[in-house]
Amino acid sequence: MEMRIFFPQYPKRKKLYNGSGYQKNKATYEIRLLTKLNILNWSCLIEAGTISPLVKLLTSTDPSTQENAISTLIKLPKHSTGQKIIIRNGGLKFILGLVKDRLKLKTKQIGVATTFHLSSVDEYCKLIGDQCETISSLLEIIKEGTTCGKKNVIVAIFGLLLYKKNHHRVLEAGTIPLLLDEITQFT
């Protein structure tokens, strides 16, 4: 039996908005766990208005809070309403900021995967490509990332290539030589 939680009545919801740093991190972690339980919780979480505070927590100075927020947000763009709300709340800028910043590699790689989910919409794909240094930041993760992170970058770049005007940006960033170097390492 799947468990569905009606999040608006979830007692710790207010702590996500108004709690201390510790309380916000704990609430974000609990929401992260709820997104892993089942897809039905995604709708409840989106309807409850959790995206806006989660987006704001991407700028937290606490690496654990950032990781919990982005790990939660990676699931919510799989829901079309979640994508719209993330973009409307300025989430794209903060997600790409995580990819660009010198943070924990795991957090950056989750940001890359979230970027891929957002790039599935043509309009957002354009927005992502228009952001300065996005593609070069993605390529940095290929240089330093794990195998999983590298795969996420390649998929994100593929998503960006679905928008024709991103083709020259991807080529100008030096993507082809870098990918060829990666391929030769495995042969």
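Fair warning: this is a prediction, and the values are worked out from it, not measured in the lab.

Asker: Go over the pattern of salt bridges, please, and point to the residues and values.
Answerer: Close approach of charged atoms lets side chains of opposite charge pair. In this structure the tally under the stated criterion is 7 salt bridges. With its nearest N and O atoms 3.2 Å apart, the salt bridge here joins E67 to K106. Placement of E67 in helix α5 (residues 63-73) and of K106 in helix α8 (residues 105-118) is noted, with a sequence separation of 39 residues between them. Here E67 falls in the buried class, since its relative accessible area comes to 9%. E140 is the partner of K143 in a salt bridge, and the nearest nitrogen-oxygen pair spans 3.2 Å. Placement of both K143 and E140 in helix α10 (residues 134-144) is noted, with a separation of 3 residues, approximately one turn of the helix. Classification of K143 as exposed rests on a relative accessible area of 52%.

Asker: Explain the UniProt feature "repeat: ARM" (unreviewed entry) in the chain to me, using residue names and the numbers behind them.
Answerer: When the UniProt feature table is mapped onto this chain, "repeat: ARM" (unreviewed entry) is found at residues 49-91. A distance of 14 Å separates the end C-alpha atoms of residues 49-91, which is 65% helix and 0% strand.

Asker: Let's hear about helix α13 (residues 175-185): which residues, and what values?
Answerer: Of all the positions in α13, only T175, L178 and E182 are classed as buried. Taken down its axis, α13 places every buried residue within 75° of arc, on the same side. In this structure, the buried side of α13 is in contact with α10, α11 (147-161) and α12 (167-172).

Asker: Run through the packing of helix α7 (residues 91-100) against α8, naming residues and quoting values.
Answerer: Where α7 meets α8, the closest approach of the two axes is 8 Å, and the angle between their N-to-C directions is 140°. On the basis of the axis angle, α7 is oblique to α8. Crossing handedness for the pair α7 and α8: left-handed. Mapping the contact onto sequence places L92, I95, L96, L98 and V99 in α7 and T107, K108, G111, V112, T114, T115 and L118 in α8. Taken together, the residues of the contact of α7 with α8 sort by class into 7 nonpolar, 4 polar and 1 charged.

Cut-off values and rules
- Residues numbered from 1 in each chain as written.
- Predicted model: local features only at pLDDT ≥ 70, side-chain atom pairs only at ≥ 80, totals over all residues.
- Heavy atoms only, no water.
- Salt bridge = Lys/Arg side-chain N within 4 Å of Asp/Glu carboxyl O.
- Helix = DSSP H or I, 4+ residues; strand = E, 2+ residues; numbered from the N terminus.
- Buried < 20%, exposed > 50% of the residue type's maximum accessible area, 1.4 Å probe, protein only.
- UniProt positions renumbered as here; feature names shortened; annotations may be inferred.
- Arc of directions from axis to C-beta.
- Contact = heavy atoms within 4.5 Å.
- Axes fitted to C-alpha atoms, helices over the stretch in contact; angles between N-to-C directions.
- Parallel < 35°, antiparallel > 145°, perpendicular 65-115°, else oblique.
- Left-handed = near helix turned anticlockwise from the far one by under 90°.
- Nonpolar A, V, L, I, M, F, W, Y, C, P; charged D, E, K, R; others polar.

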